[in-house]
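# What the coordinates show
Listed below, chain by chain, are the residues.
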2 protein chains.
Amino acid sequence: MRSTRPEDATTAARIRDAAVARFGAHGYADTTLREIAADAGVSAALVVHHFGSKEALRQACDDWLVRELMGEKDRLDQPAVAATIREWLDDPGRFRTSIDYLAVMLADDTPGGARLFDLLLDETRAMLERGVADGSMRDSSDPELRAVLITSYGLAPLLLRSQFARVLGTPIDSAAAVRRMTLPTLEFYTHGLYADARLLDAAREALDAASETHAPEPRRADPAPRVRSDKGPGNPVQDPDPPVGDPARD
Amino acid sequence: MRSTRPEDATTAARIRDAAVARFGAHGYADTTLREIAADAGVSAALVVHHFGSKEALRQACDDWLVRELMGEKDRLDQPAVAATIREWLDDPGRFRTSIDYLAVMLADDTPGGARLFDLLLDETRAMLERGVADGSMRDSSDPELRAVLITSYGLAPLLLRSQFARVLGTPIDSAAAVRRMTLPTLEFYTHGLYADARLLDAAREALDAASETHAPEPRRADPAPRVRSDKGPGNPVQDPDPPVGDPARD
DNA sequence: GGAGTCATTGAACGCGCGTTTAGTATCCTG
DNA sequence: CAGGATACTAAACGCGCGTTCAATGACTCC
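None of these values were measured; they are calculated from a predicted model. (Residues numbered from 1 in each chain as written. Chains lettered and ligands numbered in written order. Predicted model: local features only at pLDDT ≥ 70, side-chain atom pairs only at ≥ 80, totals over all residues. Heavy atoms only, no water.)

## Notes on the environment of A:Ala37
Residues and elements named next belong to chain A. Along the polypeptide, Ala37 turns up in helix 2 (residues 33-40). In this structure Ala37 comes out as buried when scored by relative accessible area, which is 1%. Along the backbone, Ala37 and Val48 are 11 residues apart, and their C-alpha atoms lie at a distance of 9.8 Å. Excluding its chain neighbours within four sequence positions, the residues that come into contact with Ala37 are Val42, Ser43, Ala44 and Val47. (Helix = DSSP H or I, 4+ residues; strand = E, 2+ residues; numbered from the N terminus. Buried < 20%, exposed > 50% of the residue type's maximum accessible area, 1.4 Å probe, protein only. Contact = heavy atoms within 4.5 Å.)

## Here we look at the environment of B:Asp30
If you trace the backbone, B:Asp30 turns up in the loop between helix 1 (11-26) and helix 2 (33-40). A relative accessible area of 52% means that B:Asp30 is categorised as exposed. Sequence-wise, B:Asp30 and B:Val104 are 74 residues apart; in three dimensions their C-alpha atoms are separated by 12 Å. B:Asp30 has contacts with A:Ala29 and B:Glu35, leaving out every residue within four places of it along the chain.

## Brief notes about the pattern of salt bridges
With the rule as written, the count across this model stands at 30 salt bridges over all chains. Between A:Arg22 and A:Asp39 there is a salt bridge, and its shortest N-O distance comes to 2.6 Å. Placement of the pair is A:Arg22 in helix 1 (residues 11-26) and A:Asp39 in helix 2, with a sequence separation of 17 residues. Measuring nitrogen to oxygen at the nearest pair gives 3.9 Å for the salt bridge that ties B:Arg22 to B:Glu35. (Salt bridge = Lys/Arg side-chain N within 4 Å of Asp/Glu carboxyl O.)

## Quick notes on the protein's contact with DNA strand C
Residues in contact with DNA strand C amount to 15 residues; listed here are only the nearest, A:Ser43, B:Thr32, B:Leu33, B:Arg34 and B:Lys54. Considering DNA strand C, the proportion of its atoms within 4 Å of the protein that are sugar or phosphate atoms stands at 55%. One of the side-chain N or O atoms of A:Thr11 is found 3.0 Å from a phosphate oxygen in DNA strand C. Taking B:Leu33, its main chain carries an N or O atom lying 2.9 Å from a phosphate oxygen of DNA strand C. (Near = heavy atom within 4 Å. Polar contact = N/O pair within 3.5 Å; in protein donor to acceptor, adjacent residues only side chain to side chain.)

## Quick notes on the protein's contact with DNA strand D
What surrounds DNA strand D is a group of 15 residues, the closest being A:Leu33, A:Arg34, A:Lys54, B:Thr11 and B:Ser43. Of what DNA strand D places within 4 Å of the protein, 58% of the atoms are sugar or phosphate. Backbone polar atom of A:Lys54 to a phosphate oxygen of DNA strand D: 2.7 Å apart, as the coordinates give it. Among the elements of the structure, helix 2 of chain A together with helix 3 (44-51) of chain B are those that each provide at least two residues to the surface near DNA strand D. Taken together, the residues that form the surface near DNA strand D break down as five nonpolar, seven polar and three charged. (Nonpolar A, V, L, I, M, F, W, Y, C, P; charged D, E, K, R; others polar.)

Now the structure itself:
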């Protein structure tokens, strides 16, 4: 029913598939073992028997997704764009489950999400290096950061897929959405947004100027360094955020 | 107490602030009313007394965030959400909490998240129209979709802020990160990625070729998509592709 | 054919959740 | 100062969660 390859239809694989689907659709916290078990046609106890715990099940799903993506890695080479686009349009639904789960992994900031992001980043970086080497892509003043940026740009429509779907009126994994998104995206990647380099030049100047002092941002009417104000010594601290505020927390 | 404006320090406001912080840091599902109550220095029952339920509390937080952003709307003069957000980040302590909560709203696909996305989209669209009108920005074959794309590109670093922090070695709401991100982002927005239009042309061809087979309807009244076509008959429309993070493919 | 392993289950356990309740201070109003 | 609203709490309730447990087959190996 849900398994792509019938030979994968061992019970554990069926449970894992159901878990990926549920986690991808409703998130980890909002999915119960009993739901997953029901989807797979087994008891909740069996899920634990096979995977140990809910968290271990998630890790198994993470591993599966990473392997699944690695398997597709060769497809990432040599962008014969025309062929690739056709292929998407011809292969509907194949990756939808994985994509939903991927988005959940990245959004939940799990260790698996970090692994996955690094994987995609490596791929993107390699692609950019090839492109720069063969002259098909521009060079960058900060190739590593550009790789991170472009990776995140590629992920953005996935992470915001429900907003895209709402605004476009069709799911982003529909042929219609892919078709509509292709050209504007490539236009942007080819010509950029700005008609000239005025802003870029202005930013270069501003950054050069700023790097002479150690002060940030001359741009606004407030030259005073407003560095990291909160949590300062004058803070009475009723405490409402514990270790918050640092994305690398927990 | 922790609130920006001391007159907001009513108990309900303190609870709401604590909720925004917790929800932003750990997500809605993983936050308990008792935690929020403890942060605000009150009992869990009082939270319900003031807001009615956990879900109603979330909605109050959503409303607060939207109003907070609307208040900053005049500042949204700058080009591109990316730049705007960077501007917020120049003022680190002030918006960090809101930004975390914003990311959670969008990721959780709540009604408030839709409202917020539409708000940002409107802002971006207006900015693009102004830019095109005064010649500082290029035109697009599909302005509406481009607005959605650029909005999502601006949000991407926020949604993936933990990955950015990990890879860059510094939180994205640090002056260092902002400084490092500025130039590559503007380079990309100014010159694009590709050195020539080969890929773009190839995609145009591919889409034209695919459009031999009749078309679906654009949902909206605005700019008609120039690409149309539907792939085959009997197609359970949806589609494909994990190779995210790879621009050559979008 | 009995011992041993493994897949599988229904029932139960304990916990922590959101929420309810019943009550107590505190303040406002006339 | 009576009286009612309001702010607030401790305790409890019921539910559903992840997990455990004991039992039942089914299959394998000598």
